[in-house]
Structures are given as structure tokens and as C-alpha cells.
Amino acid sequence: MKTYKIAVIAGDGIGPEVIDAGIEVLKKAAALDSTFQFQFTYFPWGCEFYTKHGKMMDENGIDQLKEFDAIYLGAVGFPGVPDHISLWDLLLRIRKEFDQYVNIRPVRLLKGAKTSLMDVKREDINMLFIRENSEGEYSGAGEWLFKGRENEVVMQNSVFSRKGTERIIRYAFETAKNQKRSLTSISKANALNYSMVFWDQVFEEVSAEYPEVETSSYLVDAAAMLMIKDPKRFEVVVTSNLFGDILTDLGAAIAGGIGLAAGANINPERNYPSMFEPIHGSAPDIAGKGIANPLAAIWSASQMLDFFGYESYGKEVLNAIEELLTEGQVLTPDMGGTASTQEVAERIVEIMDSRI
Ligand code: NAI
Ligand code: MG
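Residues numbered from 1 in each chain as written. Chains lettered and ligands numbered in written order. Predicted model: local features only at pLDDT ≥ 70, side-chain atom pairs only at ≥ 80, totals over all residues.

So the rule is basically this: UniProt positions are given in the numbering used here, feature names are shortened, and annotations may be inferred rather than shown by experiment.
Under an unreviewed UniProt entry, the chain has the name D-malate dehydrogenase (decarboxylating) and belongs to Mesobacillus campisalis. UniProt's Sequence similarities (unreviewed entry) comment on the chain is quoted here verbatim: "Belongs to the isocitrate and isopropylmalate dehydrogenases family." Under the UniProt heading Catalytic activity (unreviewed entry), the note attached to the chain is "(R)-malate + NAD(+) = pyruvate + CO2 + NADH".

What follows is the structure in C-alpha cells.
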């Protein structure tokens, strides 16, 4: 029996609540199959840890995580700790150290999920965002000069290396080719006259290697508009770190809400663990009430199953989410229901049981 070692960083706020739910689902998938199991190891890192120890994770945290097959993360961030610290010292550190340069975020309207758009068919919202996850606008390079003085200056630099740009675009072409879908690149070469001109050029170059993949290219502002007006144009989408961050929140809004949006941070070479997480934050406004929607965390658990090669179980988890949404009986308040996080998790597990 294969054992997958999972590092669990449940984090802050609703993080632990939704991660508990996702773990129930992962355990169920493993229980349905005698060939694999999960072993979960919990790390108490996050903002509470920071208030006690002055750091977001152990000094040798990255070394501790290295030996795991994957990381399952809730959310980090809580009032009292500046967001740039909680984000940079944990989440972004893990993404960078483990070279998780691909961020996969499905923007797909599941059966039974409600969209905020009028006059669209469910099938029209089915995008796969592939966001550059290691450099770009989130390179962390910059300078803060003359702090607090009249001549204060800050610089926040974007970094687009040839290696970094080429590998994400190539990954997107491979995905589009395998899925037999079109690929859209989103950039902004009219205003960003170095970084995005370069991005477009690399997209053109790599495109020549994939004559079978149909391509389009949009400016990011136009893309934001078109995602609302004509979402079916977008199938597989590749874009930079910042643009992908923003557009996938927009995507969440049209595909069932933030409570349903999942993301995977992948190191495709599998030299390091990949990390699976809901894309929402720690939601301090509803934390501790047991009403957080766990479906995003559960969808990311399904992405983990896919990543380990158990696509049939990954699909079963998505089917169970669709069945739960279609029934419409056991939903958390953000989806108009009255159920608790725990009740949603239990219902998903029940549905999986009844289907398999
Ligand atoms: P947020 O995603 O935590 O919350 C935004 C709104 O959506 C809130 O009204 C919240 O109640 C609601 N919401 C979010 N997830 C939900 C769920 N599963 N079920 C029901 N409602 C849900 O974003 P916000 O408020 O901007 O950030 C809160 C904290 O989370 C900050 O400290 C921020 O830095 C952090 N954050 C962490 C992320 C991560 O760890 N990946 C991502 C985004 C934010
Ligand atoms: Mg975000």
C-alpha cells in the first residue's frame, strides 16, 4: 500500500475549519481504495504562532516540509499581524523555496452552482487558469528609500526571466494540447513595455512548437471585461502572477463564489512537495462560527488526488460537490443555506459512499 505523507498547515481563522473538512474527504477517498492511504502531520504555523514566537514558521520549516509528498494549506493572515508578513514569511516562502511555479486555478461553473452573470450557460464558464507563481510582479524585488522623509521613494520591481516565462508558457501549451482546448495568453504589452512585450514574444516563440493549439492573446483590462461579457472564449489561460491573482478572484465571483474556488501550487518536476489550498483567506469575520464553506478546500483536495494520479477519485469528489449543490439542502450561509462546515463535509462523504 502506498502511503502519501501530507504536511497540514491549517493556518488561521477559518483555515483549520475548512481543512478538517477536506481531510475527511481525503480519508474517505483513501478508504475507498486499498492501494493508498494518507498520513497527515500537523504544523501549528501561522499568525498565532507568530504572536508567540515572532515568526510565521520554524526557522528550519522549509527543511521539515521537504520530505512530504504534498502540503495542504488552509489560509494564513489575521488582524494583528501585517498581511505582508504573514503572506511573505509563510505562503510565498513555500511557493518560492519549493519552486511551485505553476498555480492552477479552475474557474468552472459546477452543476448546481450559481453564477452572478445573467444569460450564460453552465458550460460557458469552464476555464483553467495557469498562473505564473514564482516571479513576475511578486518577485519581492525593490527598494524603499528615504523612509518617512519628504523625498521618500518606493520601487517594486517585476522580474520576468526567460527561464521563468518560458516554462510557465510551455506548461500551459502542454496542458492545452493534452486537453485539446485553446490557449489564451493575458498580458499588457502596450503599457508594460519591457516585461509584457517580452511575455508576448515568448508566447509567440513557444506557440510555434504547438501548431495544433489554437491561441488568442488579450490585454488584461480587456480580458477582465470579456470574462464577464463572453466567458466561453476562455479555455486554458496563461498569465502572470499579479494578473492571475486578480482575474481568478473575478473568476471565483462568476463561478459560484469565493467559497468554491480552489488552487494548486505545483512543482511539475516533483523535486519538492506541491501545495494545495482554497484561494480564499482566513475570513476573520466568520472564523470560529463553524459556518465557513469547505467546498473550496474540498475541491483543492480533489486537485491533490489528481496530482497523485488518482484522477477517478478526484472526479468523484467533484461529482459529490455537484450533487450536493444540485440537491441544495446542505449548504453553508454564503450559498444561502443554514448548514455548518461539518455538515457539508459529512454530506460530501455520504455522497461519495453512495456513489462508489
Ligand atoms: P477572505 O477570503 O478571507 O474573505 C473575503 C470575504 O469572503 C469575507 O467576507 C469572508 O467571510 C468571505 N469568505 C472567504 N472564504 C469563505 C468561505 N470559505 N466560506 C464563506 N465565506 C468566505 O479575504 P480577506 O478578508 O481579504 O482576507 C482575510 C485575511 O486572509 C487577510 O489576513 C489576508 O491576508 C488573508 N488571506 C490569505 C490568503 C491565503 O492564505 N492564501 C489568501 C487571501 C487572503
Ligand atoms: Mg489572491
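1. Some details on the overall build of the chain
Inclusion rule: Here a helix means four or more residues in a row that DSSP labels H or I, a strand means two or more in a row labelled E, and each is numbered from the N terminus. Each radius of gyration is computed over the set of C-alpha atoms, and the globule rule expresses the reference value as 2.2 Å times the number of residues to the power 0.38. C-beta atoms are first placed from the backbone for all residues, and any pair lying within 7 Å is then listed as a contact.
Summing up its helical and strand segments, the chain has 11 helices and 12 strands in all. For the chain, whose C-alpha radius of gyration is 20 Å, the value lies close to the compact-globule estimate of 21 Å for 356 residues. Once the C-alpha set of the chain is aligned to its principal axes, its extents read approximately 55 × 50 × 40 Å. Counting only contacts in the chain whose residues sit at least 6 apart along the sequence, the fraction spanning at least 24 positions is 76%.

2. A short note on the environment of Arg105
Short version of the rule: Between the buried cut of 20 or more and the exposed cut of 12 or fewer other C-beta atoms within 10 Å of a residue's own C-beta lies the partly exposed class, and all C-beta atoms are placed from the backbone.
Among the structural elements, Arg105 can be located in strand E4 (residues 102–108). The exposure class of Arg105 is buried, given the 26 C-beta atoms found within 10 Å. Sequence spacing of Arg105 and Ile130 is 25 residues, and the spatial spacing of their C-alpha atoms is 6.5 Å.

3. Considerations on the UniProt feature "domain: Isopropylmalate dehydrogenase-like" (unreviewed entry) in the chain
Look at the UniProt record and you will see "domain: Isopropylmalate dehydrogenase-like" (unreviewed entry) annotated at residues 5–348. Taken end to end, residues 5–348 has its terminal C-alpha atoms 23 Å apart, with 40% of it in helix and 22% in strand.

4. Quick notes on the nonpolar core
Condition: We define the nonpolar core as any set of buried residues of the types Ala, Val, Leu, Ile, Met, Phe, Trp, Tyr and Cys, connected via C-beta atoms lying within 7 Å of each other. Per the annotation, domain bounds derive from an automatic or database assignment of domains.
Counting 107 residues, the largest nonpolar core has Ile71, Ile130, Ile298, Val317, Ile321 and Ile348 as the members making the most contacts within it. When residues of this core are sorted by domain, at least three fall in each of domain 1 (1–114 + 256–356) and domain 2 (120–131 + 158–238 + 250–255).

5. Here we look at the packing of helix H7 (residues 220–229) against helix H8 (residues 241–254)
Put simply, the test is: Between N-to-C directions, angles cover 0 to 180 degrees, with each direction set by a line fitted to C-alpha atoms, over the stretch in contact for helices. Roughly parallel refers to an angle under 35 degrees, roughly antiparallel to one over 145, roughly perpendicular to one between 65 and 115, and oblique to any angle outside these ranges. Under the scheme applied here, ten amino acids are nonpolar (Ala, Val, Leu, Ile, Met, Phe, Trp, Tyr, Cys and Pro), four are charged (Asp, Glu, Lys and Arg), and all others, including Gly, are polar.
The N-to-C vectors of H7 and H8 enclose an angle of 10°; their axes lie 10 Å apart at closest approach. Between H7 and H8, the interaxial angle falls into the category roughly parallel. Facing H7, whose interface residues are Val220, Ala223, Ala224, Met227 and Ile228, H8 presents Phe243, Leu247, Leu250, Gly251 and Ile254. Looking at the contact of H7 with H8 residue by residue, the classes come out as nine nonpolar, one polar and no charged.

6. Observations regarding the site of ligand 1
Selection rule: Using a C-beta atom placed from the backbone, a residue is described as near a molecule or strand when that atom lies within 6 Å of it.
Inspection of the region around ligand 1 gives 23 residues, with Gly77, His280, Gly281, Ala283 and Asn293 positioned closest. Take the shell around ligand 1: its biggest share by element is three residues, from helix H4 (residues 83–97). Split by residue class, the shell around ligand 1 holds 13 nonpolar, six polar and four charged.

7. Describing helix H6 (residues 195–207)
For clarity, the cut-off: To estimate the expected span of a helix, subtract one from its residue number and multiply by 1.5 Å.
End to end, H6 covers 18 Å across 13 residues, agreeing with the expected 18 Å (1.5 Å per residue, within 8%). Close packing links the buried residues of H6 with strand E7 (153–159), helix H5 (162–179), strand E8 (183–187) and strand E9 (215–219).

8. Observations concerning the pairing of E7
Condition: At least two bridges found by DSSP between two strands is the condition for calling them paired.
A small share of E7 lies buried, amounting to zero of its seven residues. Of the strand pairs in this sheet, strand E6 (residues 136–145) and E7 are connected by six bridges, and their pairing is antiparallel. Among the inter-strand pairings, Gly136 is bridged to a residue of E7, identified as Val159.

9. A look at the domain arrangement of the chain
Domain boundaries assigned for the chain yield domain 1 (1–114 + 256–356) and domain 2 (120–131 + 158–238 + 250–255). On a C-alpha basis, the centroid separation for the pair domain 1 and domain 2 is 26 Å. Of the residues lining the interface, 18 residues belong to domain 1; the matching set on domain 2 comes to 16 residues. When grouped by side-chain class, the residues that make up the side of domain 1 that touches domain 2 number 12 nonpolar, three polar and three charged.

10. Points about the environment of Glu343
When you line up the elements, Glu343 lands in helix H11 (residues 341–355). Each C-alpha atom of the pair Glu343 and Ser216 lies 43 Å from the other, and the pair is 127 residues apart in sequence.

11. Structural notes on unusual backbone geometry
The phi angle at Lys180 is positive, at roughly 50°, despite the residue not being glycine. Tracing the sequence through the fold places Lys180 in the loop between H5 and E8.

12. Some points on the environment of Ile125
For Ile125, the position within the fold is in the loop between E4 and strand E5 (126–132). Spatially, the C-alpha atoms of Ile125 and Leu109 are 5.5 Å apart, while their sequence positions differ by 16 residues.

13. Some words on the pairing of E8
Keep this limit in mind: When the strands point away from the viewer, a crossover counts as right-handed if the path from the first strand over the helix to the second runs clockwise.
Among the five residues that make up E8, five are buried, leaving the element largely enclosed by the rest of the structure. Side-chain alternation along E8 places Leu183, Ser185 and Ser187 on one buried face and Thr184 and Ile186 on a second face that is also buried. As judged from the five bridges shared by E8 and E9, these two strands associate in the parallel manner. Within the sheet, the bridge partner assigned to Ile186 lies in E9 and is Tyr218. Following the backbone out of E8, through H6 and into the adjacent parallel E9, one traces a crossover that is right-handed.

14. Description of the sheet that holds strand E10 (residues 236–239)
The strand order across the open sheet built from 10 strands is E2-E1-E3-E12-E11-E4-E5-E10-E8-E9, with neighbouring strands paired in mixed fashion. A single partner strand is all that each edge strand has here, and the edge strands are strand E2 (36–42) and E9. For this sheet the average axis-to-axis angle between neighbouring strands, irrespective of direction, equals 25°. Pairing of E4 with strand E11 (residues 262–266), which is carried by three bridges, proceeds in the antiparallel orientation. The residue bridging Val102 from the neighbouring strand is Ile266, located in E11. Against the sheet, H8 touches E4, E5, E8 and E10, its axis set at about 155° to E5. Its contacts with the sheet place helix H9 (residues 295–307) against strand E3 (70–75), E4, E11 and strand E12 (274–278), and it is angled at close to 155° to E12.

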